[in-house]
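In case you want the letters, here they are:
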Number of protein chains: 2
Amino acid sequence: MSKRVTINDVARTAGVSRQTVSRALNDKGEIDGSTKQRVLDAVRELGYRPSRFARGLVRQDTTTIGLVIPDLLNPFFTEVAAGALEAARARGWHVIVYDTAGSVEEERGTIEVVVSQVDAVVGYFSLAESELDAHLSGMPAVLIGREHRTPRFSSIRIEGAAGVREAVDHLVAKGHRRIGMLDYEGRAEPSIRRAWFADAMNAHGLAADAVGNAVQSVDGGAEALTDLLAKHPDLTAVFTFNDIIAVGALRAARRLGRAVPDDLAVVGFDGLQLGTVVDPALTSVALDTRRVGALAIEQAGRLLAGEPQLPSEELLVNAVLLVREST
Amino acid sequence: MSKRVTINDVARTAGVSRQTVSRALNDKGEIDGSTKQRVLDAVRELGYRPSRFARGLVRQDTTTIGLVIPDLLNPFFTEVAAGALEAARARGWHVIVYDTAGSVEEERGTIEVVVSQVDAVVGYFSLAESELDAHLSGMPAVLIGREHRTPRFSSIRIEGAAGVREAVDHLVAKGHRRIGMLDYEGRAEPSIRRAWFADAMNAHGLAADAVGNAVQSVDGGAEALTDLLAKHPDLTAVFTFNDIIAVGALRAARRLGRAVPDDLAVVGFDGLQLGTVVDPALTSVALDTRRVGALAIEQAGRLLAGEPQLPSEELLVNAVLLVREST
DNA sequence: TTGAAAGCGTTACCAT
DNA sequence: ATGGTAACGCTTTCAA
C-alpha cells in the first residue's frame, strides 16, 4: 500500500508552497496563470487527491445525511430514497444509504455506526425513541412514516384518512357495498390504515368486518386474498394495506377467475410506479413518495442549521386517490 | 448555529485530559472504571459526537465507496445497488449513492464531486474512459456492465451469450421458429445482446430479421411490441433487451389479444424480481444482480488495498435462462 | 492510570 | 502573487 500523496508532495514537485497549491486547486484568485498550470500538472502527475478529512476538518461545510431504510428492494422505500437523494443533491449534500434488512439487530448496528459517519439521520426506524435517543447522542433525526413522541425527534407523517375516504366513496359510487380489506400482519395491533378504512366504511353505514392479514410481499397478498375470499365470497372489492399486497391480490383474483375490476375491484395504498406495471393498472391511495424523501431532507437541513422547523402541517404528506384501472 | 462540542469540552466538564476522553470512548484499556463513567456522563450531557473528519484524519481506516447509478427507480439498478450495499456493509464500509438521472451532464457533475468524497467509485458510467480518467485523478474505479479498454480501469462484465443461446434453444424446443427481438434504442449501434441473439438464431439456421427498438420503459416495450407485431404478424415469440421492456411487451400482447405464452412467448433479460410480479411471470435470461454489486465492491476493495485484482474470469457474471411462465 | 506533546492534511489569515 | 503560521479535532506515542 503506497503512501498517501499529500499537498506537500505536490508543493515540492511544483516548486511552490502548499498554500499556493491550495489556491490553484480551489480557484481562489490571486494566482499567476503559469504557476497554477505548473501546480495542476504536478497534481495530475502525482495523482494527488485532497484528503476529505483534512478538508472537512478545516472548512466545516460538507454535509452528509444518513438514510436508513429497511429494504432497498422494496419499491416503496426505493421511491422515498430517490426523493431524498434528489433533494440532497440539490443542496450539494451527500447521502449514505443504510439498508437494515428489516432486522432490529441490523438497525441497532446501523445506529451505532451512523453516529460517527453523518451529520443527521433520516429514515424508517422501528426502535423505541428512548433507545434511538440513547445511541444517537443528540444527532438530528427525522423519523419517516411514524409519529414522534419526544420533542427531541422530528417526523414526516403520512395522512391517509381523507384519501382512504375518497377510495371508499369511489367504490361505493361504483355500486360496491361489500368491501374487504387486506391489512398488514407484521405488527401486533391493527394498522392505522385499517382504522381509516373502518371510519370511511362506517361513514357510509357499511361494516368493515371482512379484514384479512397479509405479509408484506406479493405472494403474501395473493395468499391473503384467497383466504379472505374463501371466508367472504360476497366481497366485490378490496382495499389493501399497500400496493405490494394489492399486486398479489390482483394475481390471486386472476387465478380465482375473478376478473378485475368487473368481478372484483382492488385498491392499493402508496401509489407506487409498480402499480402501472401490472395489468390492470392498480388504483391506489397515492402518496407523493418523492416528496416524503424530500421533506425528510429539508427538515434534517433545518435541524442542522438550527433554523425554525417546518410547521407540523407541512411535515405531513397527504394521500389522495389515484384511479387507474383496477376499480 | 451553536458551536461544535469538542473533545476538549468533554475533558473540561469531566475534569480529565482529552486523551482520557479518547480512551473512554474507544474502549482502550488502561482506564479507571469510575473515570470512564464520569467521562461517559459528560459525553451524554453535552451531546458530544466525535468529528468524523478529525478521527478519519488520524486513523486512516474509514472506507467510503461512491456508487454511481443512472436511476434508482429502475429496479435493475436497485438490485445491483442492494448487492453493493450488502457487500460494503459486510466490510464495514460506507456507500454514498449518486443517481445521475441518466444524464451525461449529471454524470459529469457527479464525477467532479465524487473525487473529493470517497475512496473509490463503482458503477455505471457513460462517459469515455479518457474523460473519466481525467477527472478521477487516479481514484480506483470499477465500471459495471461495460468493458474497460485502459488498464487504469477495472470492470465487471456481463456474459450473456450462453444464456441467450439457452433461451433460443428453449424456444425452438417449444416449437417456435419465428422469433423476434425488441432491442434497446438508446444507443447508436445495435446492442451486444442483439448480437448474442442473432448468433443463437443462426446456430439454429434461423433468421434474426424481426428486430424492433424500444425505449427503456414499460410503455416503450408495449409500443415496440405493437409495432413489431404489425410488421411481423407471424412471430410466435420475442426476446427483449431487458425485463422492463419485456413487461411492456406482456401488456401489449394482452391488449392485442395474444395470450402469453400460448399465442406469444416472451423472454426478458436480467431476471429481475419484477418478473415475478407480472402475470404470467416472466421467463428471463437471468443475471445474479446481487453478485454484480458485490463483485464491484470486492474489486474496489482490492484496488484500494493494492492487492492483486480478481482474475478476469471472476469479474464476469454469467446470465442463465430462468424459465418461468411466459414461455 | 493519567497527561503532555506531536502530528494527521488541509485551509484561513496575515505578512511580504 | 506567494509564503509562513496557526488553527481544525482527534489519536498516538511517550513520560510521569
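These figures come from a predicted structure and were not determined experimentally.

Scoring rules and cut-offs
- Residues numbered from 1 in each chain as written.
- Chains lettered and ligands numbered in written order.
- Predicted model: local features only at pLDDT ≥ 70, side-chain atom pairs only at ≥ 80, totals over all residues.
- Heavy atoms only, no water.
- Helix = DSSP H or I, 4+ residues; strand = E, 2+ residues; numbered from the N terminus.
- Rg over C-alpha atoms; globule rule 2.2 N^0.38 Å.
- Buried < 20%, exposed > 50% of the residue type's maximum accessible area, 1.4 Å probe, protein only.
- Contact = heavy atoms within 4.5 Å.
- Areas by Shrake-Rupley, 256 points an atom, 1.4 Å probe, with all protein chains shown as cover.
- Least-squares fit on C-alpha atoms with pLDDT ≥ 70 in both.
- Pairing = 2+ DSSP bridges.
- Axes fitted to C-alpha atoms, helices over the stretch in contact; angles between N-to-C directions.
- Core = buried A, V, L, I, M, F, W, Y, C linked by side-chain atoms within 4.5 Å.
- Near = heavy atom within 4 Å.
- Polar contact = N/O pair within 3.5 Å; in protein donor to acceptor, adjacent residues only side chain to side chain.
- Nonpolar A, V, L, I, M, F, W, Y, C, P; charged D, E, K, R; others polar.
- Buried area = accessible area lost by both parts, 1.4 Å probe.
- Salt bridge = Lys/Arg side-chain N within 4 Å of Asp/Glu carboxyl O.
- UniProt positions renumbered as here; feature names shortened; annotations may be inferred.
- Phe/Tyr/Trp six-rings, centres within 6.5 Å; stacked < 30°, edge-to-face > 60°.
- Lys NZ or Arg CZ within 6 Å of the ring centre and 35° of its normal.
- Parallel < 35°, antiparallel > 145°, perpendicular 65-115°, else oblique.
- Left-handed = near helix turned anticlockwise from the far one by under 90°.
- Domains from an automatic or database assignment.

**Q** Just checking my understanding: could you explain the overall build of chain A for this structure?
**A** Along the backbone of chain A there are 12 helices and 12 strands. Taken over C-alpha atoms, the radius of gyration comes to 26 Å for chain A, far larger than the 20 Å a tight globule of 327 residues would show. Oriented by its inertia axes, the alpha-carbon framework of chain A measures out at about 85 × 40 × 35 Å. Across the 327 residues of chain A, 52% fall into the buried class. Taking as baseline every contact in chain A between residues at least 6 positions apart, the subset at least 24 positions apart corresponds to 65%. When the accessible surface of chain A is summed, it comes to about 14,200 Å², and 49% of that surface belongs to carbon and sulfur atoms.

**Q** Looking at this model, I keep getting lost on the relation of the copies chain A and chain B. Mind explaining?
**A** The operation linking the two copies of the chain is a rotation about an axis combined with a translation along the axis. Each copy of the sequence occupies a distinct position, and chain A is placed on chain B by a rotation of 180° and an axial shift of 0.0 Å, giving an RMSD of 0.1 Å. Expressed as a symmetry operation, the mapping of one chain copy onto the other fits a two-fold axis. When the interface residues of chain A are mapped onto chain B, 100% of them again fall at the interface, so both copies present the same face.

**Q** Looking at this model, I keep getting lost on the sheet that holds strand S9 (residues 265–270) of chain B. Mind explaining?
**A** Two pairing modes exist for strands in a sheet, parallel and antiparallel, and in both the strands are linked by backbone hydrogen bonds. Residue and element names in this part refer to chain B. If you trace the six strands from one edge of the open sheet to the other, you get S7-S6-S8-S9-S10-S12, paired in mixed fashion. Because the sheet does not close on itself, it has two edges, and the strands there are strand S7 (211–214) and strand S12 (320–322). The average undirected angle you get between the axes of adjacent strands in this sheet is 25°. In this structure, S9 lies alongside strand S10 (residues 283–286), joined through four bridges in parallel fashion. Bridge pairing in S10 places Gly 268 opposite Ser 284. In the packing of helix H8 (residues 161–173) onto the sheet, contacts are made with strand S6 (179–184), strand S8 (237–240), S9, S10 and S12, and the angle to S12 comes to roughly 45°. Lying on the sheet, helix H10 (residues 218–231) is in contact with S6, S7 and S8; it crosses S7 at an angle near 155°.

**Q** What should I look at first to understand the nonpolar core in this one?
**A** In a soluble, globular protein the nonpolar side chains are often hidden away together inside. Core analysis: the largest hydrophobic core is formed by 158 residues, its most contacted members being Ile 156 and Leu 225 of chain A together with Ile 156 and Leu 225 of chain B. If sequence neighbours within four positions are ignored, Leu 225 of chain B has contacts with Leu 182, Val 238, Ala 249, Ala 252, Ala 253 and Leu 264 of chain B.

**Q** Explain the protein's contact with DNA strand D to me, please; I cannot follow it from the model alone.
**A** Residues in close proximity to DNA strand D total 29 residues, the closest being Gln 19, Arg 23 and Thr 35 of chain A together with Ile 7 and Tyr 48 of chain B. A share of 55% of the atoms of DNA strand D within 4 Å of the protein falls on sugar and phosphate groups. Contacts to DNA strand D include Gln 19 of chain A, whose side-chain N or O atom sits 2.6 Å from a base oxygen. Between DNA strand D and Thr 35 of chain A, the relevant distance is 2.6 Å, taken from a phosphate oxygen to a side-chain nitrogen or oxygen of the residue. Going through the elements one at a time, helix H2 (18–26) and helix H4 (52–58) of chain A together with helix H2 (18–25) and helix H4 (52–58) of chain B are the ones with two or more residues in the surface near DNA strand D. Among the residues forming the surface near DNA strand D, the class breakdown is 10 nonpolar, 10 polar and nine charged.

**Q** How should I be thinking about the protein's contact with DNA strand C in this particular structure?
**A** Taken together, 28 residues lie around DNA strand C, and Ile 7 and Tyr 48 of chain A together with Arg 23, Glu 30 and Thr 35 of chain B are the ones closest in. Within the side chain of Tyr 48 of chain A, one N or O atom sits 2.5 Å away from a phosphate oxygen of DNA strand C. Here a phosphate oxygen of DNA strand C sits 2.9 Å away from a polar atom, N or O, in the main chain of Asp 32 of chain B. Listing elements by their share of the surface near DNA strand C, those giving two or more residues are H2 and H4 of chain A together with H2 and H4 of chain B.

**Q** How should the interface of chain A and chain B be read in this particular structure?
**A** Many analyses report the size of an interface as the accessible area lost when the parts associate. If you look at the interface, chain A gives 57 residues, while chain B gives 57 residues. For chain A, the biggest contributors to the area lost against chain B are Arg 49, Arg 52 and Phe 53 of chain A; these three give 16% of the whole. Here chain A is connected to chain B by 10 salt bridges. A salt bridge links Asp 119 of chain A to Arg 52 of chain B, with the shortest nitrogen-to-oxygen separation between them at 3.0 Å. Summed over the shared surface of chain A and chain B, the number is 24 residue pairs in polar contact (both at pLDDT 80 or more). Mapped by element, the contributors of at least two residues to the side of chain A that touches chain B are H4, helix H5 (75–91), strand S2 (94–99), helix H6 (104–114), helix H7 (129–136), helix H11 (243–255) and helix H12 (289–305) of chain A. Its residues assigned to classes, the side of chain A that touches chain B shows 28 nonpolar, 14 polar and 15 charged.

**Q** Before we go on, may I ask you to explain the UniProt feature "domain: HTH lacI-type" (unreviewed entry) in chain A in this structure?
**A** According to UniProt, the feature "domain: HTH lacI-type" (unreviewed entry) maps to residues 5–59 of chain A in the numbering used here. In the segment residues 5–59 of chain A, helix accounts for 69% and strand for 0%; the C-alpha atoms at its two ends are 20 Å apart.

**Q** Please explain the packing of aromatic side chains as it appears in this structure.
**A** On inspection of all chains with the given rule, the structure shows 14 aromatic pairs over all chains. Measuring from ring centre to ring centre gives 5.1 Å for Tyr 184 of chain A and Phe 241 of chain A, while their planes differ by 35°; the resulting arrangement is tilted. Taken together, the residues span a long stretch of sequence, with Tyr 184 of chain A in strand S6 (residues 179–184) and Phe 241 of chain A in the loop between strand S8 (237–240) and H11 at a distance of 57 residues. Phe 241 of chain A gets classed as buried once you look at its relative accessible area, which sits at 6%. Centre to centre, the rings of Phe 239 of chain A and Phe 269 of chain A are 6.4 Å apart; their planes meet at 70°, and the pair counts as edge-to-face. Of this pair, Phe 239 of chain A sits in strand S8 while Phe 269 of chain A sits in strand S9 (residues 265–270), placing them 30 residues apart in sequence. Both residues of the pair, Phe 239 of chain A and Phe 269 of chain A, belong to the buried class. Each member of the aromatic cluster is reached from another via a ring pair, and the members are Trp 196, Phe 197, Phe 239 and Phe 269 of chain A. The side chain of Arg 91 of chain A reaches across the aromatic face of Trp 93 of chain A, ending 5.5 Å from its centre. Stacked on the ring of Phe 153 of chain B, the Lys or Arg Arg 152 of chain B has its end atom at 4.3 Å from the ring centre.

**Q** Mind showing me how you'd approach the packing of helix H10 (residues 218–231) of chain A against H11 of chain A here?
**A** For any two helices packed against each other, one specifies the crossing angle of their axes together with the interaxial distance. Residues and elements named next belong to chain A. It is the contact of H10 with H11, at a shortest axis distance of 6 Å, that shows an interaxial angle of 55°. In terms of orientation, H10 and H11 fall into the oblique class. The handedness of the crossing between H10 and H11 comes out as right-handed. Where H10 approaches H11, its residues Val 218, Asp 219, Gly 221, Ala 222, Leu 225 and Thr 226 are matched on the opposing element by Ile 244, Ile 245, Val 247, Gly 248, Ala 249, Arg 251, Ala 252 and Ala 253. The class makeup of the residues in the contact of H10 with H11 is nine nonpolar, three polar and two charged.

**Q** Would you explain the environment of Arg 55 of chain A in this entry?
**A** Relative to the helices and strands, Arg 55 of chain A resides in helix H4. Distance from Arg 55 of chain A to Glu 223 of chain A, taken between C-alpha atoms, is 55 Å for residues 168 residues apart in sequence. Residues contacting Arg 55 of chain A, with those up to four places away along its chain left out, are Asn 26 and Pro 50 of chain A together with Ser 116 of chain B.

**Q** Could you clarify how one ought to interpret the domain arrangement of chain A in this entry?
**A** Per the domain assignment, the segments making up chain A are domain 1 (1–58) and domain 2 (161–288). Spacing between the C-alpha centres of domain 1 of chain A and domain 2 of chain A amounts to 61 Å.

**Q** Help me out: how do you make sense of the sheet that holds strand S10 (residues 283–286) of chain A in this one?
**A** Residues and elements named next belong to chain A. Strands sit in the order S7-S6-S8-S9-S10-S12 across an open sheet of six strands; the sheet is mixed. Looking along the sheet, the strands with just one partner apiece sit at the ends: strand S7 (211–214) and strand S12 (320–322). Here the average twist between neighbouring strands, direction ignored, is 25°. The strands touched by helix H9 (residues 192–203) are S6, S7, S8 and S9; relative to S6, the strand with the most contacts, the crossing angle is about 165°.

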